[in-house]
Amino acid sequence: MDNARSFLRAGAFALAAASASLLPLATQAAEPLKIGFSMALTGGLAGAGKAALIGMEIWRDDVNKKGGLLGRKVEFVYYDDATQPANVPGLYTKLLEVDKVDLLVSAYGTNLIAPALPIVMRKKMVLPSLFGLAANEQFKYDRYFQIMPAGPSPLTDWSKGFFELAMAQNPKPKTVAIVAADAEFALNAAAGARTNAQKAGLKIVYDKTYPPPTTDFSPIVRAIQATNPDIVFVGSYPPDSVGMVKAANEVGLKAKLFGGGMVGLQFASIQKNLGPLLNGIVNYDFWVPEPTLDFPGVKEFLGKYQEAAKGKGVDPYGHYLPPFAYAYLQVLGQSVEATKGIDQGKLAAHMRKSTFDTVVGKVKFGKNGEWAKTRVLQVQFRDVQKDNLEQFAGPGKRVVLYPKEWKSGDLVYPYKQ
Amino acid sequence: MFSADLLANAVVAGILLGGFYAAVAIGLAIVFGQLDIVNIAHPAFIIVGAYIAYILNSRFGFDPVLVGLLAAPAFFVVGALIYRVYFLAFERTGQESLSGLAFFFGVMFIIEVVLILIYGVDYRLVQADYIGQSWRIGFVDFPFRMLVPFAVATALTAVIYTFMSHTFMGRAIQAVAQDRLALQLMGADPVRIKQWAFGLGIATAAIAGSLLIVIGPVEPSVGRLYIGRAFAIVVLGGMGSISGMFIAALILGIVESMVSTFAGPSWSPAVAFGLLALTLALRPAGLFGRR
């Protein structure tokens, strides 16, 4: 009897001890999984940054509806970097040291991704990255994964399609003008364009940069016109892109191919305002509502985005950045589930070897963390009507010319004569 | 690459651009140049003017420049109220130098944040029939997108100049800038006069904002890009001189345009500000300033 009582007592003790040792685990399981990042919510890139955040929040809500990741609810810890690169190192240090986030993702844009990398590298964290052009070229960090489909050689892949399209024309163009803003992304785009132009045997007749606070672009366009180039490659930010397109129209630019790396022409408000001035321009893009790019889940995502974006003063259609903001978290989420944990080494190894199904199509990373194969689209604006926002919601206005596997139409050449 | 065609177009583009710069700087020429108030928030008021033009243009199709002109009286009242706060909080207690500067920094941030909260951060643009059209005389182009701001800015400068030199209040504003005590001894109220002048300076921001959005897209923080340029124009022209400010704006516009055309646009700020430094070295009071 005594033995039985002792046995029961020992059993009860063991059970209590086991419960006590399990308690922290249970508490831990209930703790949210924190993903940290900074985002441009004010300042020059805030338009895109806020739209990206909406896309990211849709992913978070979708994941949490399905029970979260590793049974833990996903939470975001984020700060406004005010589009100031100088703010970024401090914010990522805070995320890691004070907020103790479990996972990190990058801010939006090259200028704001590069300053985070030294901090992230010191802690050996995986960094899914949102639209940094060649931001890892100097760092060569092996846990960096870029969702923008620039391709394995981001500098040159960016404008490769633009130059391939030009060189496929008959007669072949002979001269090119390259103009870019004095800022990280535009300078990188111009450097790649320079290499591609030289490879194609084009003579560079104008190669200059302009300071970002430029008000009137007509002197620049006129100086370009004076060199009589066949092609004009522009690396510009949204206000400059608008100024450049308007000046090209006012001056009567006679290039045969015009565009390439103009940020802003992907945004609905700018598209609506420029209207028919856009017709014929060939410019980069990453996703447009053409039938060749109808990936599983993308329309459903855009439906949610467009609902969430109402009244928030961001791009109403969200074709450009938000699907990729959703997708870089899909990559992270799928990796966490596959490795059943947040071990940064295992996550990085999984991201390097796997192909991910995302709303922007299948994503496979190459050795340097860029997409293994470029998918920078070159699209041409066609039949754009005046003052009509709705026309950009569907297909036909931004025809995909390049790469071939996503092509939805042929180049109309020349741009203007 | 040099040709008469390029030179003529560069000069014309510079004059048109300079006209717009004058609209941006004229409010500061009054507030900073004549009242010595470092209103760093002036470009933020210009952005408010641009948003008002955008709202009435996109909702009701009103001409943006007309909206700017109509909004100016309301801006005048707001400016007068802000001066009253500034006077009571800083000027009266002699803390206007550093605390006043911090106050206008604060005003600038508040304006930006309020605009972001209400209208978001997307780029805003306006539609008007003349935007995108050009007028060509010989081989020289006059894009209406730049010509309209130039014409309005020139008219605005002429009106302010006439007001300053031919009206009692205008002369009183110049007098308060020169000797506040002497003005007080004449029986005039310097605070009321400065309130008037500050209101007038802010009223011009409504018009400048409407011109800015005619030229290009606007988002809440874009005004910061004009802070340096606007102050430089006021200093170059000679603190407080309206005609000097206008000529300085034209010089800066022409220099920027010529450098953009013939040397490369990235050199234009360096050359323009180099010119400012050189002018100040030779004439510390600016081109038309009184020593």
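Residues numbered from 1 in each chain as written. Chains lettered and ligands numbered in written order. Predicted model: local features only at pLDDT ≥ 70, side-chain atom pairs only at ≥ 80, totals over all residues.

**Description of the overall build of chain B**
Alright, step 1. When you go through chain B residue by residue, the secondary structure sums to eleven helices and two strands.
Alright, step 2. When the elements of chain B are put in sequence order from the N terminus, they spell out α-α-α-α-β-β-α-α-α-α-α-α-α.
Alright, step 3. Scaling as 2.2 N^0.38, a compact globule of 291 residues should have a C-alpha radius of gyration of about 19 Å, and chain B matches this with 19 Å.
Alright, step 4. In terms of overall dimensions, chain B has C-alpha extents of about 60 × 50 × 35 Å along its principal axes.
Alright, step 5. Burial statistics for chain B: of 291 residues in total, 55% are counted as buried.
Alright, step 6. Taking the intrachain contacts of chain B between residues at least 6 apart in sequence as the baseline, contacts between residues at least 24 apart amount to 78%. (Helix = DSSP H or I, 4+ residues; strand = E, 2+ residues; numbered from the N terminus. Rg over C-alpha atoms; globule rule 2.2 N^0.38 Å. Buried ≥ 20, exposed ≤ 12 C-beta atoms within 10 Å, placed from the backbone. Contact = placed C-beta atoms within 7 Å.)

**Here we look at the overall build of chain A**
Alright, step 1. What chain A contains, in helices and strands, is 13 helices and 14 strands.
Alright, step 2. Along the three orthogonal principal directions, the C-alpha set of chain A runs to about 105 × 40 × 35 Å.
Alright, step 3. Counting only residues that meet the buried cut, chain A has 54% of its 417 residues in that class.
Alright, step 4. Here the analysis covers contacts within chain A between residues at least 6 apart in sequence; of these, 72% occur between residues at least 24 apart.

**Focus on the environment of T215 of chain A**
Alright, step 1. Counting through the fold element by element, T215 of chain A comes out in the loop between β7 (203-210) and α8 (218-226).
Alright, step 2. Linking T215 of chain A and Y317 of chain A, residues 102 residues apart in sequence, is a C-alpha distance of 28 Å.
Alright, step 3. Those residues within four positions of T215 of chain A in sequence are excluded, and the remaining contacts are L17, F20 and I215 of chain B.

**Things to note about the environment of M186 of chain B**
Alright, step 1. Position of M186 of chain B relative to the elements: it lies in the loop between α7 (180-185) and α8 (190-215).
Alright, step 2. On a C-alpha basis, the gap between M186 of chain B and L98 of chain B in space is 30 Å, while along the polypeptide they are 88 residues apart.

**Topic: the sheet that holds strand β13 (residues 377-381) of chain A**
Sheet strands pair by backbone hydrogen bonding; their relative direction is either parallel or antiparallel.
Residue and element names in this part refer to chain A.
Alright, step 1. An order of β7-β6-β8-β9-β10-β13-β14 is seen for the seven strands of this open sheet, with the pairing classed as mixed. The open sheet terminates on both sides in strands that have one partner only, identified here as β7 and β14 (398-402). On average, each strand axis in the sheet is tilted by 25 degrees relative to the strand beside it, whichever way the strands run.
Alright, step 2. As paired strands, β13 and β14 are joined by four bridges and run antiparallel to one another. Residue pairing across strands places V379 opposite V400, the latter belonging to β14.
Alright, step 3. Seen against the sheet, helix α7 (residues 184-199) touches β6 (175-181), β7, β8 (231-236) and β9 (257-262) and runs at an angle of roughly 165 degrees to β6.
Alright, step 4. Its contacts with the sheet put helix α9 (residues 238-251) on β6, β8 and β9, and the angle it makes with β8 is roughly 155 degrees. (Pairing = 2+ DSSP bridges. Axes fitted to C-alpha atoms, helices over the stretch in contact; angles between N-to-C directions.)

**A few points about the interface of chain B and chain A**
Many descriptions give the size of an interface as the accessible area lost when the pieces come together.
Alright, step 1. Taken together, the 37 residues of chain B in the interface contact 40 residues of chain A.
Alright, step 2. Elements with a contribution of two residues or more to the side of chain B that touches chain A: α1 (4-31), α4 (98-119), β2 (140-143), α5 (144-166), α10 (242-262) and α11 (268-282) of chain B.
Alright, step 3. No other element matches α1 of chain B, which puts six residues into the side of chain B that touches chain A.
Alright, step 4. Of the residues belonging to the side of chain B that touches chain A, the class tally is 19 nonpolar, 14 polar and four charged. (Nonpolar A, V, L, I, M, F, W, Y, C, P; charged D, E, K, R; others polar.)

**Thoughts on the pairing of β2 of chain B**
All names here are of chain B.
Alright, step 1. Side chains D141 and P143 project from β2 onto a buried face, and the interleaved V140 and F142 project onto a face without burial.
Alright, step 2. Relative to β2, strand β1 (residues 134-137) runs antiparallel, the two being bridged by four bridges. Across the sheet, R136 pairs through a bridge with D141, a residue of β2.
Alright, step 3. Here β1 hands over to β2 after two residues, with G138 in that stretch at a positive phi of 65 degrees.

**Comments concerning unusual backbone geometry**
Residues and elements named next belong to chain A.
Alright, step 1. That bond from N170 to P171 is cis: its omega, 0 degrees, falls within 30 degrees of zero.
Alright, step 2. Omega for the peptide link from Y413 to P414 comes to 0 degrees, which places this bond in the cis form.
Alright, step 3. Counting through the fold element by element, P414 comes out in the segment after β14.
Alright, step 4. Positioned with a positive phi, N228 is a non-glycine residue whose angle comes to about 50 degrees.
Alright, step 5. Relative to the helices and strands, N228 is located in the loop between α8 and β8.
Alright, step 6. The exposure class of N228 is exposed, given the 12 C-beta atoms found within 10 Å.

**Quick notes on the domain arrangement of chain A**
Residues and elements named next belong to chain A.
Alright, step 1. On domain assignment, one finds that chain A holds domain 1 (31-149 + 295-364) and domain 2 (154-285 + 382-406).
Alright, step 2. Put simply, the middle of domain 1 and the middle of domain 2, counted by C-alpha atoms, are 28 Å apart.
Alright, step 3. At the interface, ten residues of domain 1 touch 14 residues of domain 2. (Domains from an automatic or database assignment.)

**Re the sheet that holds strand β3 (residues 103-104) of chain A**
Residue and element names in this part refer to chain A.
Alright, step 1. The strand order across the open sheet built from three strands is β2-β1-β3, with neighbouring strands paired in parallel fashion. Among the strands making up the open sheet, the edge pair consists of β2 (74-80) and β3.
Alright, step 2. Two elements, strand β1 (residues 33-39) and β3, share two bridges in a ladder whose sense is parallel. Each residue of the ladder has a partner; that of G36, found in β3, is L104.
Alright, step 3. Running over the sheet, helix α2 (residues 46-65) touches β1 and β2 and is turned about 165 degrees from β2.

**Notes on the packing of α2 of chain A against helix α11 (residues 298-309) of chain A**
Residue and element names in this part refer to chain A.
Alright, step 1. Two elements in contact, α2 and α11, have axes whose closest approach is 10 Å; the angle formed by their N-to-C orientations is 120 degrees. On the basis of the axis angle, α2 is oblique to α11. Taken as a pair, α2 and α11 cross one another with a handedness that is right-handed. Together, A51, I54, G55 and I58 of α2 and F301, K304, Y305, A308 and A309 of α11 make up the contact between the two elements.
Alright, step 2. Within the contact of α2 with α11, the residues separate by chemical class into seven nonpolar, one polar and one charged. (Parallel < 35°, antiparallel > 145°, perpendicular 65-115°, else oblique. Left-handed = near helix turned anticlockwise from the far one by under 90°.)

**Topic: the confidence of the model for chain A**
Alright, step 1. Overall, the predicted model of chain A reaches an average pLDDT of 91, with 92% of residues at or above 70.
Alright, step 2. Every residue in residues 13-28 of chain A is under pLDDT 50, and counting partners more than four places away or in other chains gives zero contacts. (pLDDT = per-residue confidence, 0-100.)

**Observations concerning α8 of chain A**
Along an α-helix, residues three or four apart share an orientation, since each turn contains 3.6 residues.
Residues and elements named next belong to chain A.
Alright, step 1. The element α8 is extensively covered by neighbouring structure, given that eight of its nine residues are classed as buried.
Alright, step 2. Every buried residue belonging to α8 is among S218, P219, I220, V221, R222, A223, I224 and Q225, and all of these are buried.
Alright, step 3. Two residues or fewer after α8 comes N228, characterised by a positive phi angle close to 50 degrees.

**Some remarks on the packing of α10 of chain B against α11 of chain B**
All names here are of chain B.
Alright, step 1. Viewed as axis vectors pointing N to C, α10 and α11 meet at an angle of 145 degrees, and their least axial separation amounts to 9 Å. The element α10 and its partner α11 pack so that their crossing is right-handed. When α10 is examined against α11, the residues L252, V255, E256, V259 and S260 are found in contact with a partner set consisting of S268, V271, A272 and L275.
Alright, step 2. Taken together, the residues of the contact of α10 with α11 sort by class into six nonpolar, two polar and one charged.

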